[in-house]
Amino acid sequence: MSRNSLAGTGSWWGDRSVRTKVLATVGVAGVVAASIGVLGLGALSRSADSGDALYRENVSGLVAVAVMGDTVRDMRVNLRDTLVGTDVPGSISNIDTLADRFSEATDDYAAGGLVPAKQELVDDVRMRMGEWVDLQQTVLVPLATARDYPNWIATNAAQAAPLSTAVMDDVAQLRDLEADEAQRAVAAIRSEYESQRTTAIVLMIAGIAVALGLGWFVASGIARSAGRVREVVQGLAEGDLTRSSGLTGNDELGQMGQALDGAMASLRGVMGSVVASSDAVAAASEELSASSAQISVSAEETSAQSGVVSAAAEEVSRNVATVAAGADEMSSAIREISQSVNEATRVAAQAVAEAQTTTGTIEKLGVSSQEIGAVVKTITSIAEQT
């Protein structure tokens, strides 16, 4: 994978802002937590529904069956009391009370609707209980009232006992059916709990892995981009203008890296211009130095020529003195000699004037040479500083 593959131009994720990346990581963790919470709430709701169904369909049925069984046992005891009890009339009237209680318990059991197997047992229980109650009221109670113990015992053993046993067997079967259904319901609740627990654990592990992976991905991208910017800045501090971050993403770090690369390129251009200007100034300084040397040579040559003119003027002056000494001897040619002297004097004066003019020019050239030397020194100093 290339360095810019995560943050290059055209990368959807690389072009997202740092805030979006961080919020996306937190959002993934939030979605995982919310999903686990929703699953947990759903599991609790289903557990509550399963508990209600367990109570409504099994526990309440077990309670009704237990009431039915207790009523059958109470009816057996009450039937015995109609024969040997201390309150025979009360026991006789209690037969209807117990029968009504059994009927109410049976109605409560069947109130929620029954499957065919249960309905068949309930119908059989109702029929056998009705036969047993009718047998007690029409046969056994009269025998008990007459104190006909042998016939009561024989009739009870031959007819009543089988009916009560059949009722108890049906009640026991109903109890077993309800107990089995209750166990299956509990097993289903346990299975659903384990399934939800497994789903929640898998989702939690997967969500945590995704959140950690996304967090590592985002943190690595940010650290990598920041490291590239740091390398460029360190190079700038060390005077190295050749480094660049190479970031091309559109997030904050990518934009910062691109701006830094642009600034480094502009700085390299400026420094190149400065170096070129320094070279031009150095070349101009060398040319000025050569011109200064040439001017100095010309000044020396002019000075030498001035010396020659001065020597010529001195020679003319000596000639004038010689002519003046022979003026007394050559009186006849005085005017002619005088004219010659005047002409020579004029020429000498003109030569002196030219010599003075040349001397002034030489002095001005000396001053100009000094000023040029100062300028050359200044330029040289500037070039050395640059």
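The model shown is predicted, which means the values in this text are computed figures rather than measured ones.

Criteria and thresholds
- Residues numbered from 1 in each chain as written.
- Predicted model: local features only at pLDDT ≥ 70, side-chain atom pairs only at ≥ 80, totals over all residues.
- Heavy atoms only, no water.
- Helix = DSSP H or I, 4+ residues; strand = E, 2+ residues; numbered from the N terminus.
- Contact = heavy atoms within 4.5 Å.
- Polar contact = N/O pair within 3.5 Å; in protein donor to acceptor, adjacent residues only side chain to side chain.
- Salt bridge = Lys/Arg side-chain N within 4 Å of Asp/Glu carboxyl O.
- Buried < 20%, exposed > 50% of the residue type's maximum accessible area, 1.4 Å probe, protein only.
- Patch = residues over 30% accessible without salt bridge, like charges linked within 9 Å, V, L, I, M, F, W, Y side chains within 5 Å.
- Areas by Shrake-Rupley, 256 points an atom, 1.4 Å probe, with all protein chains shown as cover.
- Core = buried A, V, L, I, M, F, W, Y, C linked by side-chain atoms within 4.5 Å.
- Axes fitted to C-alpha atoms, helices over the stretch in contact; angles between N-to-C directions.
- Parallel < 35°, antiparallel > 145°, perpendicular 65-115°, else oblique.
- Left-handed = near helix turned anticlockwise from the far one by under 90°.
- Nonpolar A, V, L, I, M, F, W, Y, C, P; charged D, E, K, R; others polar.
- pLDDT = per-residue confidence, 0-100.
- Expected span 1.5 Å × (residues − 1).
- Bend = angle between axes of the 7 residues up to and from the residue.

Examining the environment of Ser164
For step 1, the next point in the chain: The residue Ser164 is located in helix 4 (residues 149-237) in this model.
For step 2, the next point in the chain: Sequence spacing of Ser164 and Glu131 is 33 residues, and the spatial spacing of their C-alpha atoms is 9.6 Å.
For step 3, the next point in the chain: With residues near it in sequence (within four places) discarded, Ser164 still touches Val72, Arg76 and Trp132.
For step 4, the next point in the chain: There is a polar contact of 3.3 Å between the side chain of Ser164 and the side chain of Arg76.

Digging into the pattern of salt bridges
For step 1, the next point in the chain: Within the structure shown, the criterion is met by eight salt bridges.
For step 2, the next point in the chain: Two residues, Asp74 and Arg101, come together in a salt bridge whose shortest N-O distance is 2.6 Å. Linking Asp74 in helix 1 (residues 18-84) with Arg101 in helix 2 (residues 88-110), this pair joins segments that are 27 residues apart in sequence.
For step 3, the next point in the chain: In this structure Asp74 comes out as partly exposed when scored by relative accessible area, which is 36%.
For step 4, the next point in the chain: Residue Arg101 is classed as partly exposed on the basis of its relative accessible area of 33%.

Points about a nonpolar patch on the surface
For step 1, the next point in the chain: On the surface, Ile201, Met204, Ile205, Ile208 and Leu212 cluster together to form a nonpolar patch covering roughly 460 Å² of accessible area.
For step 2, the next point in the chain: Note on placement: Leu212 falls in helix 4.

Brief notes about the nonpolar core
For step 1, the next point in the chain: Phe102, Met129, Trp132 and Leu174 are the most contacted members of the largest nonpolar core, which totals 31 residues.
For step 2, the next point in the chain: Taken together, the elements giving at least two residues each to this core come down to helix 1, helix 2, helix 3 (116-145) and helix 4.
For step 3, the next point in the chain: With eleven residues, helix 3 is the single largest residue contributor to this core.
For step 4, the next point in the chain: When neighbours within four sequence positions are excluded, Leu174 is seen to be in contact with Val65, Met68, Tyr109, Lys118, Leu121, Val122 and Val125.

Regarding unusual backbone geometry
For step 1, the next point in the chain: Here Arg147, not a glycine, exhibits a phi torsion of approximately 60°, which is positive.
For step 2, the next point in the chain: By the element assignment, Arg147 lies in the loop between helix 3 and helix 4.
For step 3, the next point in the chain: With relative accessibility at 42%, the residue Arg147 sits in the partly exposed group.

Quick notes on the packing of helix 3 against helix 4
For step 1, the next point in the chain: Two numbers describe how helix 3 lies on helix 4: the axes approach to 9 Å, and their chain directions differ by 155°. Relative to helix 4, the element helix 3 lies roughly antiparallel. Note on packing geometry: the crossing formed by helix 3 with helix 4 is left-handed.
For step 2, the next point in the chain: Classifying every residue of the contact of helix 3 with helix 4 gives 18 nonpolar, six polar and seven charged.

Quick word on the confidence of the model for the protein
For step 1, the next point in the chain: Per-residue confidence for the protein gives a mean pLDDT of 76; residues scoring 70 or more make up 74%.
For step 2, the next point in the chain: Within the protein, no element has a lower average pLDDT than helix 5 (residues 252-325), which sits at 68, and none a higher one than helix 3, at 91.
For step 3, the next point in the chain: Low confidence marks residues 1-10, where pLDDT is under 50. Its contacts with residues over four positions away, or in another chain, come to 17 contacts.

What about the packing of helix 2 against helix 3?
For step 1, the next point in the chain: At their nearest, the axes of helix 2 and helix 3 sit 11 Å apart, and the two run at 180° to each other. When the axis of helix 2 is compared with that of helix 3, the two are roughly antiparallel. Touching Ile92, Ile95, Asp96, Ala99, Phe102, Thr106, Asp107, Tyr109 and Ala110 of helix 2 are Lys118, Val122, Val125, Arg126, Met129, Val133, Gln136, Gln137, Val141 and Thr145, all from helix 3.
For step 2, the next point in the chain: Of the residues assigned to the contact of helix 2 with helix 3, the class counts are eleven nonpolar, four polar and four charged.

Things to note about helix 4
For step 1, the next point in the chain: The first and last C-alpha atoms of helix 4 sit 124 Å apart over 89 residues, in line with the 132 Å expected at 1.5 Å per residue.
For step 2, the next point in the chain: At Asn156, helix 4 shows its maximal kink, close to 45°.
For step 3, the next point in the chain: One or two residues past the end of helix 4 sits Gly239, with phi positive at roughly 90°.

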